[in-house]
Amino acid sequence: RKTELEMTAHLSGEALARARALTPEKMQRLSLFRVRDYYDRINESKAGLVNWSKSGTQASAADGAGAGGGSGGLPANWEFTLPLKVGDKVEADLGGAFFAATITKVSGDKYDVEFFDGDKDFGMERQWIKLLAPPAVSPASDEDDFDTTGLTKKEIKKLRKKAEKKRNKA
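Below or above, wherever it landed, is the structure these notes cover. Note that the coordinates shown come from a computational prediction; the quantities given were computed from them, not determined experimentally. (Residues numbered from 1 in each chain as written. Predicted model: local features only at pLDDT ≥ 70, side-chain atom pairs only at ≥ 80, totals over all residues. Heavy atoms only, no water.)

**Some thoughts on the packing of aromatic side chains**
(1) Moving on: Under the criterion given, the structure shown has 2 aromatic pairs.
(2) Moving on: Taken together, a centroid distance of 6.2 Å and an interplanar angle of 75° make the contact between Phe 80 and Phe 98 edge-to-face. Linking Phe 80 in helix α4 (residues 78–81) with Phe 98 in strand β2 (residues 98–107), this pair joins segments that are 18 residues apart in sequence.
(3) Moving on: For Phe 98, a relative accessible area of 35% gives the class partly exposed.
(4) Moving on: Ring plane angle 35° and centroid distance 6.3 Å describe the contact between Phe 99 and Phe 116, whose orientation is recorded as tilted. Of this pair, Phe 99 sits in strand β2 while Phe 116 sits in the loop between β3 (110–115) and β4 (120–125), and the two are 17 residues apart along the sequence.
(5) Moving on: Residue Phe 116 is classed as exposed on the basis of its relative accessible area, which comes to 58%. (Phe/Tyr/Trp six-rings, centres within 6.5 Å; stacked < 30°, edge-to-face > 60°. Helix = DSSP H or I, 4+ residues; strand = E, 2+ residues; numbered from the N terminus. Buried < 20%, exposed > 50% of the residue type's maximum accessible area, 1.4 Å probe, protein only.)

**Some remarks on the sheet that holds strand β1 (residues 89–93)**
(1) Moving on: Sheet architecture is open: 5 strands sit in the order β4-β3-β2-β1-β5, paired in antiparallel fashion. Both edges of this open sheet fall to β4 and β5 (129–131), since each of them pairs with a single strand only. If you compare each strand with its neighbour and ignore which way they point, the axes differ by 45° on average.
(2) Moving on: In this structure, β3 lies alongside β4, joined through 4 bridges in antiparallel fashion. Within β4, the position partnered with Lys 110 by the bridge is Glu 125. (Pairing = 2+ DSSP bridges. Axes fitted to C-alpha atoms, helices over the stretch in contact; angles between N-to-C directions.)

**Some details on the nonpolar core**
(1) Moving on: Counting 13 residues, the largest nonpolar core has Leu 84, Val 90, Ala 92, Ile 103, Val 113 and Ile 129 as the members making the most contacts within it.
(2) Moving on: Only β1, β2, β3 and β5 provide two or more residues apiece to this core.
(3) Moving on: No other element matches the 3 residues that β3 contributes to this core.
(4) Moving on: The contact partners of Val 90, leaving out residues within four places of it in the chain, are Leu 84, Phe 99, Ala 100, Ala 101, Thr 102, Ile 103, Ile 129, Lys 130, Leu 131 and Leu 132. (Core = buried A, V, L, I, M, F, W, Y, C linked by side-chain atoms within 4.5 Å. Contact = heavy atoms within 4.5 Å.)

**Details of the pattern of salt bridges**
(1) Moving on: Going through the model one piece at a time under the given rule, you end up with 2 salt bridges.
(2) Moving on: With its nearest N and O atoms 3.2 Å apart, the salt bridge here joins Lys 85 to Asp 88.
(3) Moving on: The salt bridge involving Glu 125 is made with Lys 110; its shortest N-O contact spans 3.6 Å. Placement of the pair is Glu 125 in strand β4 and Lys 110 in strand β3, with a sequence separation of 15 residues.
(4) Moving on: Judged by relative accessible area, which is 36%, Glu 125 ranks as partly exposed. (Salt bridge = Lys/Arg side-chain N within 4 Å of Asp/Glu carboxyl O.)

**Concerning the side chain of Glu 79**
(1) Moving on: Tracing the chain through its elements places Glu 79 in helix α4.
(2) Moving on: With a relative accessible area of 8%, Glu 79 lands in the buried category.
(3) Moving on: Setting aside residues no more than four positions away along its own chain, Glu 79 makes contact with Lys 54, Arg 126, Ile 129, Lys 130 and Leu 131.

If you want it as structure tokens, here you go:
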């Protein structure tokens, strides 16, 4: 950087702007030496999130679960094998790349999708559609009318007792 400034010190105006412009060569140097570690960390985080989403658990950081501990009964490639239904948010193949889409129709093993930009594709095979989120894990008790995300077992027990009292009074 210092050398670059010394080399362009005599320039002014448009010539200086051209010299300081981000050329492909400069971009390559930046990506190789300054940005590579940043992208490595980003890619590690992405991989961690993908692994977490595939685990099929809903765990908070406090209880230490969810980092690959629970299988949730999902197959390893659930994104491409679980059944789809109308309204599912997916990524669908459009010319070699996957783009955000929504399932609009299911006909046996063929699916119609509408892409994020309004384009539609009809009769897609399941192998070209990637489900974005695993199906919701059903709670241990179907009686819960409240969100228990982030609550301790003790707090959940209290809420259930309160709800049971309300039901008994009614």
